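Close look at the chain arrangement
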Amino acid sequence: MNSQGVINASAKCADHCVKIKIIAQEYCPGTEVAVDCLVTKDKYQILGIFEKAPATGPYFAEKMSISPTSLSKEQVAQVSQIAVDAVLALTNGQSSAAHVEIRFTANGPKVLEAGLRPGGAYTVAAVEYLSGINPYVELLNVLLDKDFSVVSSYEKAVLYGGIIIPKSGLVLSDEWR
């Protein structure tokens, strides 16, 4: 593994060898949150912070998120700044929306993922419910150099999630194979 966490691997395929690169990440136990935000060079707006249900693997399907979180005010400020810093590093100071996943480990918070896009699935609806702001509309405003809306209150709560299918297979009828 090199210093960027990239593993050079070779896999035998019939009579030839295929070289692939794999990005490896250590498992980080702890409380996981997602921070959805809008970031410009000069300012940022946190649209929502969602605590995720614990996932122990071997698969890490997202089954539930809740806001407000169990984080202290200091931890909320910390993950907000970490998310903004991650976005600014990825965009070289350009404007963007982002969905940043952070886990609090024994060694402090670690960024697991930073996507330069609004959150997926039900996250956009949750952000709009909590803040009254549609992340896609606000992203468009930011990209058009217009000012973005300011969240006036974080007084609502939301719980959302998905359905986890416990086994894989093909749905051929109302029975699993």
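Okay, so let's go over this structure. Predicted model, so just to flag it, every value in this text is computed and none were measured.

Each value, and the rule that gives it
- Residues numbered from 1 in each chain as written.
- Predicted model: local features only at pLDDT ≥ 70, side-chain atom pairs only at ≥ 80, totals over all residues.
- Heavy atoms only, no water.
- Helix = DSSP H or I, 4+ residues; strand = E, 2+ residues; numbered from the N terminus.
- Contact = heavy atoms within 4.5 Å.
- Buried < 20%, exposed > 50% of the residue type's maximum accessible area, 1.4 Å probe, protein only.
- Arc of directions from axis to C-beta.
- 1 Å grid on protein atoms, 1.4 Å probe; cavity = no way out; pocket = protein on both sides within 12 Å on 5 of 7 lines; lining within 4 Å.
- Points joined across faces, edges and corners; volume = space filled by probe spheres on them.
- Nonpolar A, V, L, I, M, F, W, Y, C, P; charged D, E, K, R; others polar.
- Pairing = 2+ DSSP bridges.
- Salt bridge = Lys/Arg side-chain N within 4 Å of Asp/Glu carboxyl O.
- Axes fitted to C-alpha atoms, helices over the stretch in contact; angles between N-to-C directions.

It is worth spelling out the side chain of Thr-40 at this point. Inspection of the secondary structure puts Thr-40 in the loop between β3 (31-39) and β4 (44-52). In this structure, Thr-40 is in contact with Leu-88, Ser-95, Val-142 and Phe-148, ignoring residues within four places of it in sequence.

Quick look at helix α2 (residues 123-131) now. Within α2 the residues assigned to the buried category are Thr-123, Val-124, Ala-126, Val-127, Leu-130 and Ser-131. In a view along the axis of α2, the buried residues occupy a sector of 160°, so they form one face of it. Looking at the buried residues of α2, the elements they touch are β3, β4, β5 (64-67), β6 (96-105), α3 (135-143) and β8 (158-161). Positive phi shows up at Gly-132, right after α2, with a value of about 80°.

What follows deals with the layout of surface pockets. Its boundaries defined by the atoms lining it, the largest pocket holds a volume of some 320 Å³. What lines the largest pocket is a set of 17 residues, and nearest its centre among them are Glu-32, Phe-60, Glu-101, Arg-103 and Leu-112. Within the residue set of the lining of the largest pocket, elements represented by two or more residues are β6 and β7 (108-115). Its residues assigned to classes, the lining of the largest pocket shows 8 nonpolar, 1 polar and 8 charged.

When β6 meets β7, the two strands line up antiparallel, connected through 7 bridges. Bridging across to β7, Val-100 finds its partner in Ala-114. Between β6 and β7, which pair antiparallel one after the other, the connecting turn spans 2 residues.

This structure, assessed with the given rule, holds 5 salt bridges. Lys-52 is the partner of Glu-101 in a salt bridge, and the nearest nitrogen-oxygen pair spans 2.7 Å. Note that Glu-101 is positioned in strand β6 and Lys-52 in strand β4, a separation of 49 residues in sequence. With relative accessibility at 10%, the residue Lys-52 sits in the buried group.

Looking now at the sheet that holds β6. With antiparallel pairing, 6 strands are arranged side by side in an open sheet as β7-β6-β3-β4-β5-β8. Sheet topology places β7 and β8 at the edges, where each strand pairs with a single neighbour. Averaged over all adjacent pairs, the angle separating strand axes in this sheet is 30°, with direction ignored. Here 9 bridges tie β3 to β6, and the two strands are oriented antiparallel to one another. Residue pairing for β6: Leu-38 is matched across the bridge by Ala-97. Contacting β3, β4, β6 and β7, helix α1 (residues 73-91) runs over the sheet at an angle of about 130° to β6.

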